[in-house]
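# Per-entry structural report
Residues per chain are reported as follows:
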Amino acid sequence: MFDRFSAYQPQLLSLLRIVTGLLFVSHGVAKVLGFPPMDGLPPPGLSIAGLSGPLELVLGTLFLIGLFTRPVAFLASGFCAVGYWYAHGLQSPYPIVNGGETIVLYCFVFLYFVAAGPGPWSVDAMRRRS
């Protein structure tokens, strides 16, 4: 029954990348631009927490448009893994307890894109065609 959806796999891959990129960028926008205003954001500076906003903004934007998708996804996956242990993992080893489910999911979605590539709706795909 669901086999007919296999024809849309490339487009759904692109859609997953776009939605993931938009959500990741929103973390960076909140931290760098203060919108929407949120409590508990890390202060800017040369620390892992302070660099998280600019990294989320830049990596998220590149990932969103599908430019240099595989290396960006690799960096973002590593960034999320380090961020998990830095901000969540020391509180408890269980993501459901330490509030780290989102960053773990980002880590593995980005890791998937290292292998899968960006999909057809991306700058990388347009560059390959020309």
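In this text the structure is predicted, and so the values were computed from the model without any measurement.

## Focus on the pattern of salt bridges
Pairing of side chains with opposite charge becomes possible as their charged atoms draw close. Counting across every chain of the model gives 2 salt bridges. A salt bridge links K31 to E56; its shortest N-O distance comes to 3.0 Å. Within this pair, whereas K31 is found in helix α1 (residues 9–33), its partner E56 is found in helix α2 (residues 48–65), the two being separated by 25 residues in sequence.

## Concerning the packing of α1 against α2
Any two packed helices are characterised by the angle at which their axes cross and by the distance between the axes. Two elements in contact, α1 and α2, have axes whose closest approach is 7 Å; the angle formed by their N-to-C orientations is 155 degrees. As summarised for this structure, α1 and α2 are arranged roughly antiparallel, according to the angle between their axes. Considering how the two elements wind past one another, α1 and α2 form a crossing that is left-handed. Where α1 abuts α2, its residues R17, I18, T20, G21, L22, F24, V25, H27, G28, V29, K31 and V32 lie against S52, G53, P54, E56, L57, L59, G60, T61, F63, L64 and I65. Considered class by class, the residues forming the contact of α1 with α2 number 12 nonpolar, 8 polar and 3 charged.

## Looking at α2
Given 3.6 residues per turn, any residue in an α-helix points the same way as the ones three and four places further on. For α2, spanning 18 residues, the distance from its first C-alpha to its last is 25 Å, which sits close to the expected 26 Å at 1.5 Å a residue. The largest bend along α2 measures about 30 degrees and falls at P54. What α2 keeps buried is the set G50, S52, G53, E56, L59, G60 and F63. Contacts from the buried residues of α2 go to α1, α3 (69–89) and α5 (101–116). Among the residues trailing α2, G66 stands out with phi positive, at a value near 75 degrees.

Cut-offs and rules
- Residues numbered from 1 in each chain as written.
- Predicted model: local features only at pLDDT ≥ 70, side-chain atom pairs only at ≥ 80, totals over all residues.
- Heavy atoms only, no water.
- Salt bridge = Lys/Arg side-chain N within 4 Å of Asp/Glu carboxyl O.
- Helix = DSSP H or I, 4+ residues; strand = E, 2+ residues; numbered from the N terminus.
- Axes fitted to C-alpha atoms, helices over the stretch in contact; angles between N-to-C directions.
- Parallel < 35°, antiparallel > 145°, perpendicular 65-115°, else oblique.
- Left-handed = near helix turned anticlockwise from the far one by under 90°.
- Contact = heavy atoms within 4.5 Å.
- Nonpolar A, V, L, I, M, F, W, Y, C, P; charged D, E, K, R; others polar.
- Expected span 1.5 Å × (residues − 1).
- Bend = angle between axes of the 7 residues up to and from the residue.
- Buried < 20%, exposed > 50% of the residue type's maximum accessible area, 1.4 Å probe, protein only.

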